[in-house]
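Examining the three-dimensional arrangement
The residues making up each chain are set out below.
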Amino acid sequence: MSPRLWRYALVGALATAAHYALLSLGVERLGWPAWLGSGAGALLGAQLAFWGNRRYTFNHRGPWPAAWWRFHVSAGLSALLGMALVGLGVVAGLHYLLAQALATLAGLVMGFVLNRRWSFSAG
């Protein structure tokens, strides 16, 4: 893997950890329903992923608002790909966690390519 792809994976892992931390804090300590904790964690994770990838992974210097929107469109497309792959994997007889692991890898690659070529491109 390229160094940039490793950085992208690291930022994603940290954003995911923050997502799960806020989910757990919200549910276990603050008494939030799980759906609220999940949504709040996802929003936090997405923002951390955007800023981490903008600066650390891609060293993007352009205007951030346009990149922010493109990043979130890319994340949505990656999520849809993941949902489709998990669904297909389960229909094919895979355990859902194995299907999710494969979908996560596919989403990692797709997200990296979209973000490198579109979200954080110079144009």
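Residues numbered from 1 in each chain as written. Predicted model: local features only at pLDDT ≥ 70, side-chain atom pairs only at ≥ 80, totals over all residues. Heavy atoms only, no water.

1. Section: the overall build of the protein chain
The following threshold applies: Helix numbers and strand numbers start at the N terminus; a helix is a DSSP run of H or I with at least 4 residues, a strand a run of E with at least 2. We call two residues in contact whenever any of their non-hydrogen atoms come within 4.5 Å of each other. Where accessible areas are quoted, they stem from the Shrake-Rupley method and a 1.4 Å probe; at the residue level, only the protein chains shown are allowed to cover.
A tally of regular secondary structure across the protein chain gives four helices and zero strands. Its helices and strands taken in sequence order, the protein chain reads α-α-α-α from the N to the C terminus. Principal axes of the C-alpha set define a box for the protein chain whose edges measure 40 × 40 × 25 Å. For the protein chain, the proportion of contacts with a sequence separation of at least 24, taken over those separated by at least 6, is 60%. Total accessible area computed for the protein chain in this model is approximately 7,600 Å², and 73% of it derives from carbon and sulfur atoms.

2. A short note on the packing of aromatic side chains
The relation between two aromatic rings is expressed through the spacing of the ring centres and the mutual angle of the planes. Just so we agree on the cut-off: The aromatic pairing rule takes the rings of Phe, Tyr and Trp, using the six-membered ring of Trp, and pairs them if the centres are within 6.5 Å, calling planes under 30 degrees apart stacked, those over 60 edge-to-face and the rest tilted. Whether a residue is buried, partly exposed or exposed follows from its accessible area with a 1.4 Å probe, protein chains only, as a fraction of its type maximum: under 20%, in between, or over 50%, in that order. Any Lys NZ or Arg CZ that is within 6 Å of a ring centre and within 35 degrees of that ring's normal is treated as a charge sitting over the ring.
For the coordinates displayed, the defined rule picks out 10 aromatic pairs. Ring geometry for Phe 71 and Phe 120: centres 6.0 Å apart, planes at 50 degrees, overall tilted. Taken as a pair, Phe 71 in helix H3 (residues 64–91) and Phe 120 in the segment after helix H4 (96–119) lie far apart in primary sequence, 49 residues in all. With respect to class, Phe 71 is no different from Phe 120; both count as buried. Following the ring pairs from residue to residue traces out a cluster consisting of Tyr 8, Phe 50, Trp 51, Phe 58, Trp 64, Phe 71, Phe 112 and Phe 120. Between Arg 7 and the ring centre of Tyr 56, over which it is positioned, the NZ or CZ distance is 5.8 Å.

3. Remarks on the environment of Ser 119
The test is simple: Two N or O atoms count as a polar contact when they lie within 3.5 Å, although within protein this holds only if one can serve as hydrogen donor and the other as acceptor, and sequence-adjacent residues are included solely when both atoms are side-chain atoms.
You can see Ser 119 is positioned in helix H4. Contacts of Ser 119, omitting those with residues within four sequence positions, involve His 60, Ala 67, Arg 70, Phe 71, Ser 74 and Leu 114. At 3.2 Å, the side chain of Ser 119 and the side chain of Ser 74 are in polar contact.

4. Overview of the nonpolar core
What counts, and what does not: The nonpolar core is taken to be a set of buried Ala, Val, Leu, Ile, Met, Phe, Trp, Tyr and Cys residues, with the residues joined through side-chain atoms within 4.5 Å.
One finds Leu 5, Tyr 8, Ala 15, Ala 49, Phe 50, Phe 58, Ala 67, Phe 71, Phe 112 and Phe 120 forming the largest nonpolar core, which totals 10 residues. Counting residues per element, the ones that place at least two in this core are helix H1 (3–29), helix H2 (34–57) and H3. The element that contributes the greatest number of residues to this core is H1, accounting for three residues. For Phe 50, the residues in contact, after removing those within four places along its chain, are Trp 64, Ala 67, Trp 68, Phe 71 and Phe 120.

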